[in-house]
Amino acid sequence: VQLVESGGGLVQPGGSLRLSCAASGFTFRMYDMNWYRQAPGKGRELVAGITYGGGGSNYGDSVKGRFTISRDNAKNTVYLEMNSLKPEDTAVYYCNVRVNWIDYWGQGTQVTVSS
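Residues numbered from 1 in each chain as written. Predicted model: local features only at pLDDT ≥ 70, side-chain atom pairs only at ≥ 80, totals over all residues. Heavy atoms only, no water.

Strand order in the open sheet formed by 4 strands is 1-3-8-7, with antiparallel pairing between adjacent strands. Of all strands in the sheet, those bounded by a partner on one side alone are strand 1 (2-6) and strand 7 (67-72). Ignoring strand direction, the axes of neighbouring strands in this sheet form an average angle of 15°. Sheet analysis places strand 7 next to strand 8 (residues 77-82), joined by 6 bridges and oriented antiparallel. Bridge pairing links Ile69 to Leu80 in strand 8. (Pairing = 2+ DSSP bridges. Helix = DSSP H or I, 4+ residues; strand = E, 2+ residues; numbered from the N terminus. Axes fitted to C-alpha atoms, helices over the stretch in contact; angles between N-to-C directions.)

Here you go:
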């Protein structure tokens, strides 16, 4: 299993970013996918999750109404569209999948929201 995140960077408050996670090594279309984040000095928190078919999703309370998770099963890729970004969204964002009861993680992509 390999997960490769991209799309992070520095953005001003109120701005937008789109993260991508390219997956390989498993049958992507059969598994739910998640985005987590970890801010400095804090634990890892769930940002959003999407079901294997894309028909269902859930979000952490702090990002509801601002972030949107989606997936393209033809491209083995999951996305996180982030709007109205706030300084408290600054974190390393990780893609996650659980395959055969084992959690797999990407290397993470840094998102920094600052003026």
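Here the focus is unusual backbone geometry. Although it is not a glycine, Asn76 adopts a positive phi angle of roughly 55°. Tracing the chain through its elements places Asn76 in the loop between strand 7 and strand 8. Of note in the backbone geometry, Asn100 takes a positive phi value of approximately 50° without being a glycine. Turning to its location among the elements, Asn100 is positioned in the loop between strand 9 (91-99) and strand 10 (102-105).

Turning next to the environment of Ala91. By the secondary structure assignment, Ala91 is in strand 9. Taking the C-alpha atoms as reference, Ala91 lies 5.5 Å from Val111; in sequence the two are 20 residues apart.

Once that is clear, we can look at the packing of aromatic side chains. Inspection of every chain in the model, using the stated rule, returns 4 aromatic pairs. Relative to Trp105, the ring of Tyr36 has its centre 5.0 Å away and its plane inclined at 70°; by these criteria the two rings are edge-to-face. Residue Tyr36 is located in strand 4 (residues 33-38), and its partner Trp105 is located in strand 10; the two are separated by 69 residues in the primary sequence. An angle of 90° between the planes, with centres 6.5 Å apart, marks the rings of Tyr94 and Trp105 as edge-to-face. Within this pair, whereas Tyr94 is found in strand 9, its partner Trp105 is found in strand 10, the two being separated by 11 residues in sequence. Overall, Tyr94 belongs to the buried group, its relative accessible area being 14%. Under the relative-accessibility criterion, Trp105 is labelled partly exposed at 35%. Aromatic rings pair up to connect Phe26, Phe28 and Tyr31 into one cluster. Just above the ring of Phe28 sits the side chain of Arg71; from NZ or CZ to the centre is 4.3 Å. (Phe/Tyr/Trp six-rings, centres within 6.5 Å; stacked < 30°, edge-to-face > 60°. Buried < 20%, exposed > 50% of the residue type's maximum accessible area, 1.4 Å probe, protein only. Lys NZ or Arg CZ within 6 Å of the ring centre and 35° of its normal.)

Another point: the nonpolar core. If you look at the biggest cluster of nonpolar residues, it comprises 28 residues, and the most contacted ones within it are Met33, Trp35, Val78, Leu80, Met82 and Tyr93. Among the secondary structure elements, those contributing two or more residues to this core are strand 3 (17-24), strand 4, strand 5 (44-50), strand 7, strand 8, strand 9 and strand 11 (109-113). Examining the composition of this core, we find that 5 residues originate from one element, strand 9, more than from any other. (Core = buried A, V, L, I, M, F, W, Y, C linked by side-chain atoms within 4.5 Å.)

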